[in-house]
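Letter by letter, the chains look like this.
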Amino acid sequence: METLRVLICDDEAGMRSGVARSLRDYTFTVEDLGERVAFQVDPAESGEAAVALIKAQRPDILLLDHKLPGISGLEVLEQIGRIDGMVTVMITAYASLETAVAAIKQGAYDFLAKPFTPTDLKSTVRKAAESLKLPDYEDAVMA
């Protein structure tokens, strides 16, 4: 079983702990690979903390709140740039077309609107994880 690292960057302690709780025992099988995937969740309470953690050890999946104290989620994306092997999902209660376009241009993969359920979270994280795992499989099949 492979364990993917998830970094949750949100200024709300309840959101960080809720994501960790929801993903703690969540696993799924990537059907095309027959590989089980689990998740380890690390928290960051600010954009600055997220940038430092990403630079220290790149997560596989970044769950990034848009509205943060200090630098915003979009500013985090500007600072880290596009990182191969990392998928970013923006989390926001303030989604706008403008924000979505800016985030996608800076490398965001998906959006998750607040409030969301554990089922919504797991579905989004699964899709992000599959996007990480399946390109390797598709490259191997095409070779």
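Residues numbered from 1 in each chain as written. Predicted model: local features only at pLDDT ≥ 70, side-chain atom pairs only at ≥ 80, totals over all residues. Heavy atoms only, no water.

**Things to note about the environment of A20**
In this fold, A20 is placed in helix α1 (residues 13-24). Classification of A20 as partly exposed rests on a relative accessible area of 29%. In the structure, A20 is positioned 93 residues away from A113 in sequence and 17 Å away in space, judged by C-alpha atoms. (Helix = DSSP H or I, 4+ residues; strand = E, 2+ residues; numbered from the N terminus. Buried < 20%, exposed > 50% of the residue type's maximum accessible area, 1.4 Å probe, protein only.)

**Here we look at the packing of helix α2 (residues 47-56) against helix α3 (residues 73-80)**
Contact pair α2 / α3: the axes reach a minimum separation of 9 Å and the direction vectors enclose 30 degrees. If you check the angle between α2 and α3, you find them roughly parallel. For the element pair α2 and α3, the recorded crossing hand is right-handed. Residues G47, V51 and I54 of α2 form the contact with α3, whose participating residues are V76, Q79 and I80. Residue composition of the contact of α2 with α3, by class: four nonpolar, two polar and no charged. (Axes fitted to C-alpha atoms, helices over the stretch in contact; angles between N-to-C directions. Parallel < 35°, antiparallel > 145°, perpendicular 65-115°, else oblique. Left-handed = near helix turned anticlockwise from the far one by under 90°. Contact = heavy atoms within 4.5 Å. Nonpolar A, V, L, I, M, F, W, Y, C, P; charged D, E, K, R; others polar.)

**A few points about the pattern of salt bridges**
Summed over the entire model, instances satisfying the criterion amount to 10 salt bridges. Residues K114 and D10 are paired through a salt bridge, measuring 2.8 Å at the closest nitrogen-oxygen approach. Of the two residues, K114 sits in the loop between β6 (108-113) and α5 (118-142) while D10 sits in the loop between β1 (2-9) and α1, which places them 104 residues apart along the sequence. Taking the shortest distance from any N to any O, the salt bridge between K114 and D65 comes out at 3.3 Å. Here D65 lies in strand β4 (residues 61-65) and K114 lies in the loop between β6 and α5, a separation of 49 residues in the sequence. Here K114 and D65 have matching classes, each one buried. Salt bridges sharing partners connect three or more residues here, namely D10, E12, D65 and K114. (Salt bridge = Lys/Arg side-chain N within 4 Å of Asp/Glu carboxyl O.)

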